[in-house]
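Remarks on the overall topology
Letter by letter, the chains look like this.
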Amino acid sequence: MNRVRVLSALSLTALSLGLMTNLPASAQTAGGILRAGMQADPVGLDPHVTQATSTRNQLENVYDTLVSFDSSGKIVPALASSWTASKDKLTWTFKLRGGVKFHNGRTLEASDVVFSINRIKDPATKSPRSGDFELVKSISAPDKNTVVMTLQKPFSPLLSKLAFSLNVIVPKEAVATLNTKPVGTGPFSFVEYVPQTRMVLKKNPDYWGRDVKGAKLPYLDGVTFSYLPDATARVTALRTGTVDWIEYVPSTDIKSLQSNPQVTVEGGPSANYRSIFFNVAQKPLDDPRVRRAIAYAINNQEIVDVALLGTGGLPSRGTTLPNGSYYALPDASYGKPDLGKAKALLAQAGYPNGFTLELKVTSTYDFLRTPAEIIQAQLAPLGIKVNITALEWSVYLPDILKKNYMATILGESGQGDPDDYLYTPFASDSGGNLTNFKDATLDKLLDQGRTAGDPLARKVIYAQVQRRLVNLSPMVFLYSSTQYEATTKRVQGYTHFPNTSYLGLRTTWLK
């Protein structure tokens, strides 16, 4: 078979770590438990079934993926040390790293990769990411160290989907208990999870990763995640030394922590987007004129300035794609209210005096809760009465996943490919479609975007997708996030990942 070499050689760093990070220049110290202050409990522990970022961030260092993103967004080796693709891009062959062990002591084999990808694909699993591999016609293990994927048609996002840090490789014999006892190949193994209290991970002495000097990773003896949903309590815990590291630094504290000589703040613009999600199966949101009218009334800049204090996000310009993305199609007029157009559209749809909108939000994440009252005020001139219901994350998210809502403020994390931001939330048959939105024209374009190999051709296709999404408005795009972590000065070697991953904990050490 005529084959194109996709990966011929990478640096020793990439091959040994599975991700490229900026290691500290000073000598690393092994040992110690990192105390991490988290916003929320995980929502389910089975990585193939959950869609919660909180689960992903706490378990992505328990598991490994076949390939991985580095901190700059490039695809690098992980459990696969190399891979090749046939000239027609229909057959992909992955060579596995040797000597990798699961936490239960068994050696990783190619059959585990076959099982894991097929499990995600299987409709019976009900994975929200089943669509990630729907074009995988078959996957086989010709020997213990080789995986072969055969595609129905070329699929440009394949490596990006394999790198998504919930599309992990699991041992078949442990799958029945994954939701109570995760078992992976990552640098830390699972010890316990006590709801609303903590999750404890310990060092995996058999982890395959090495640093640039050949020393074994991870440096830490373990990580203890403690749940501090109150943002003030989380920041106070960091300042007083109760924890060493916190996620989701609130907008109110970013500047003060940046000026604190005892604290390091890492972060910036991230791969998250936040939107008003509409359940388009409910009236009057089944009418695109109503949805577009709401979009015309929203002032994104005011939401960022008031709810996020100007530091928690960047106003969206009509797309889920991050600002600066090659594939993004900004709309300069988006987010700038035009109440005249909004009222006209509502009148055409038969709602000249407005209607009642039930807005369900989570009380756990301030950046998803605080915009609600601003949106309530912005829609009032249209006669739209917004009733706000706030629920704790572990109650809220299952409701949203069951599509038990009328409207909500939510977001998702893209990892690298535009397919993550456009196909996953908007394709009719996608497990990540939470809005009940279906559009045959959009589906056709999204399928074309997945199979097109040339970036310029994909850019043209995705421009059409983004224009259509603005017109049909299954969501009102609010802002792309900024995200920050903060640490005490004793935390060294941590690298912030713009795709909101915490893989940087793999190279973290305590001074």
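The following paragraphs examine the structure supplied in this document.

**Considerations on the overall build of the protein**
Scanning the protein for helices and strands turns up 15 helices and 20 strands. Compactness check: the protein gives a C-alpha radius of gyration of 23 Å against a globular reference of 24 Å for 511 residues, within 12% of the reference. When its C-alpha atoms are laid out on the principal axes, the protein stretches across 65 × 60 × 40 Å. The buried share of the protein, reckoned over its 511 residues, is 59%.

**Considerations on the pattern of salt bridges**
Under the defined criterion, the tally for this structure stands at 19 salt bridges. Of the charged contacts, one joins Asp-112 and Arg-106 as a salt bridge, the two residues approaching to 2.6 Å between their closest N and O atoms. Here Asp-253 makes a salt bridge to Arg-239, at a shortest N to O gap of 3.8 Å. Taken together, the residues Asp-253 in the loop between strand S12 (245-246) and helix H6 (254-258) and Arg-239 in helix H5 (residues 231-239) connect sequence positions 14 residues apart. Several salt bridges converge on common partners, so that one network encompasses Asp-132, Glu-134, Lys-161, Asp-419, Asp-420 and Arg-450.

**A few points about the packing of aromatic side chains**
This structure, assessed with the given rule, holds 15 aromatic pairs. Their ring planes at 80° and their centres at 5.8 Å tell us that Trp-245 and Tyr-494 sit as a pair that is edge-to-face. Of the two residues, Trp-245 sits in strand S12 while Tyr-494 sits in the loop between strand S19 (491-492) and strand S20 (509-510), which places them 249 residues apart along the sequence. Each of the two residues, Trp-245 as well as Tyr-494, counts as buried. Following the ring pairs from residue to residue traces out a cluster consisting of Tyr-248, Tyr-365, Phe-367, Trp-393 and Tyr-396. A cation over a ring is seen here: Arg-450 above Tyr-423, with NZ or CZ 3.4 Å from the ring centre. If you follow Lys-459 out to its NZ or CZ, it ends over the ring of Tyr-326, 4.4 Å from the centre.

**Regarding the packing of helix H13 (residues 418-426) against helix H14 (residues 440-451)**
The N-to-C vectors of H13 and H14 enclose an angle of 145°; their axes lie 10 Å apart at closest approach. Seen from above, H13 lies across H14 with left-handed handedness. Residue-level inspection shows Asp-419, Leu-422, Tyr-423 and Phe-426 of H13 in contact with H14, the latter providing Leu-442, Asp-443, Leu-446, Asp-447 and Arg-450. Split by residue class, the contact of H13 with H14 holds five nonpolar, no polar and four charged.

**A short note on a nonpolar patch on the surface**
A cluster of nonpolar side chains, namely Tyr-326, Leu-456 and Val-460, defines an oily patch on the protein surface of about 300 Å² accessible area. Within the element layout of this structure, Val-460 appears in helix H15 (residues 455-472). Overall, Val-460 belongs to the partly exposed group, its relative accessible area being 47%.

**Looking at the nonpolar core**
Leu-379 and Trp-393 are the most contacted members of the largest nonpolar core, which has 99 residues in total. Excluding residues that lie within four positions of it along the chain, Trp-393 makes contacts with Ala-40, Asp-41, Val-43, Ala-52, Ser-54, Thr-362, Thr-364, Tyr-365, Leu-368, Pro-398 and Leu-410. Counting residues in hydrophobic clusters, the runner-up holds 38 residues, among them Val-100, Val-114, Leu-135 and Ile-139.

**Details of the packing of helix H7 (residues 288-297) against helix H9 (residues 339-348)**
The contact between H7 and H9 brings their axes to 8 Å, and the two run at 160°. With respect to H9, the axis of H7 lies roughly antiparallel. In this structure, the crossing between H7 and H9 has a hand that is left-handed. Along its contact with H7, which presents Arg-289, Val-290, Arg-292, Ala-293, Tyr-296 and Ala-297, the element H9 presents Leu-339, Lys-341, Ala-342, Leu-345, Leu-346 and Gln-348. Per-class residue counts for the contact of H7 with H9 are eight nonpolar, one polar and three charged.

**Focus: H7**
Across the 10 residues that make up H7, a large majority, eight, are buried. Those residues of H7 that sit buried are Val-290, Arg-291, Arg-292, Ala-293, Ile-294, Ala-295, Tyr-296 and Ala-297. Against the buried residues of H7 lie strand S13 (263-278), H9, helix H11 (371-379), H15 and strand S18 (475-488). Two or three places before Arg-289, at the start of H7, stands the capping residue Asp-287, its side-chain oxygen 2.8 Å from that residue's backbone nitrogen.

**Observations concerning unusual backbone geometry**
The amide bond that connects Leu-217 to the next residue, Pro-218, takes the cis arrangement and shows omega of -5°. Secondary-structure assignment places Pro-218 in the loop between strand S10 (198-203) and strand S11 (222-227). Backbone torsion omega between Lys-283 and Pro-284 reads 0°, so that peptide bond is classified as cis. The residue Lys-89 is not glycine, and still its phi comes out positive at about 60°. Here Lys-89 is to be found in the loop between strand S5 (80-86) and strand S6 (91-96). Of note in the backbone geometry, Lys-126 takes a positive phi value of approximately 60° without being a glycine. The class for Lys-126 is exposed, based on a relative accessible area of 68%.

**A short note on the environment of Ala-80**
Positionally, Ala-80 belongs in strand S5. Given a relative accessible area of 0%, Ala-80 falls into the buried group. Here the alpha-carbon distance between Ala-80 and Leu-382, two residues 302 residues apart in the chain, equals 55 Å.

Rules used throughout
- What you see as residue numbers is a count from 1 along each chain, following the sequence as written.
- Totals for whole chains, interfaces and linings use every residue, but because this is a predicted model, local features are given only for residues with pLDDT of at least 70 and side-chain atom pairs only at 80 or more, for both listing and counting.
- Derived side-chain values reflect all non-hydrogen atoms in the structure, with water molecules and hydrogen atoms excluded from consideration.
- Numbering of helices and strands runs from the N terminus; a helix is a DSSP stretch of H or I covering at least four residues, while a strand is a stretch of E covering at least two.
- What the globule rule says is 2.2 Å times the number of residues to the power 0.38, and the radius of gyration is computed from C-alpha atoms.
- When accessible area is computed with a 1.4 Å probe and restricted to protein chains, residues below 20% of their type maximum are described as buried, those above 50% as exposed, and intermediate ones as partly exposed.
- Whenever a carboxyl oxygen of Asp or Glu lies within 4 Å of a side-chain nitrogen of Lys or Arg, that contact is scored as a salt bridge.
- Pairs were defined over the aromatic rings of Phe, Tyr and Trp, the Trp ring being its six-membered one, requiring ring centres within 6.5 Å. Orientation was assigned from the angle between planes: stacked under 30 degrees, edge-to-face over 60, tilted for the rest.
- Here, a charge over a ring means that NZ of Lys or CZ of Arg falls within 6 Å of the ring centre while also lying within 35 degrees of the ring normal.
- Lines fitted to the C-alpha atoms define the axes, with helices restricted to the stretch that makes contact. Angles between their N-to-C directions range from 0 to 180 degrees.
- Two helices cross in a left-handed way if the nearer one is turned anticlockwise from the farther one by less than a right angle. They cross in a right-handed way if the turn is clockwise.
- Any two residues whose heavy atoms approach within 4.5 Å are treated as being in contact.
- Each residue is assigned to one class: nonpolar for Ala, Val, Leu, Ile, Met, Phe, Trp, Tyr, Cys and Pro, charged for Asp, Glu, Lys and Arg, and polar for all the others, Gly among them.
- Patches here: salt-bridge-free residues with over 30% relative accessible area, like charges joined within 9 Å, nonpolar side chains (Val, Leu, Ile, Met, Phe, Trp, Tyr) joined within 5 Å.
- The Shrake-Rupley method, run with a 1.4 Å probe sphere, supplies the accessible areas, and residue values consider only the shown protein chains as cover.
- In these notes, a set of buried Ala, Val, Leu, Ile, Met, Phe, Trp, Tyr and Cys residues joined through side-chain atoms within 4.5 Å is what counts as a nonpolar core.
- Roughly parallel means an angle under 35 degrees; roughly antiparallel, over 145; roughly perpendicular, 65 to 115; everything else is oblique.
- Between N or O atoms, a polar contact is any pair within 3.5 Å; within protein, one atom must be a potential hydrogen donor and the other a potential acceptor, and residues adjacent in sequence are included only when both atoms are from side chains.

Interpretation note: all reported values are geometric properties and have no functional meaning in isolation.
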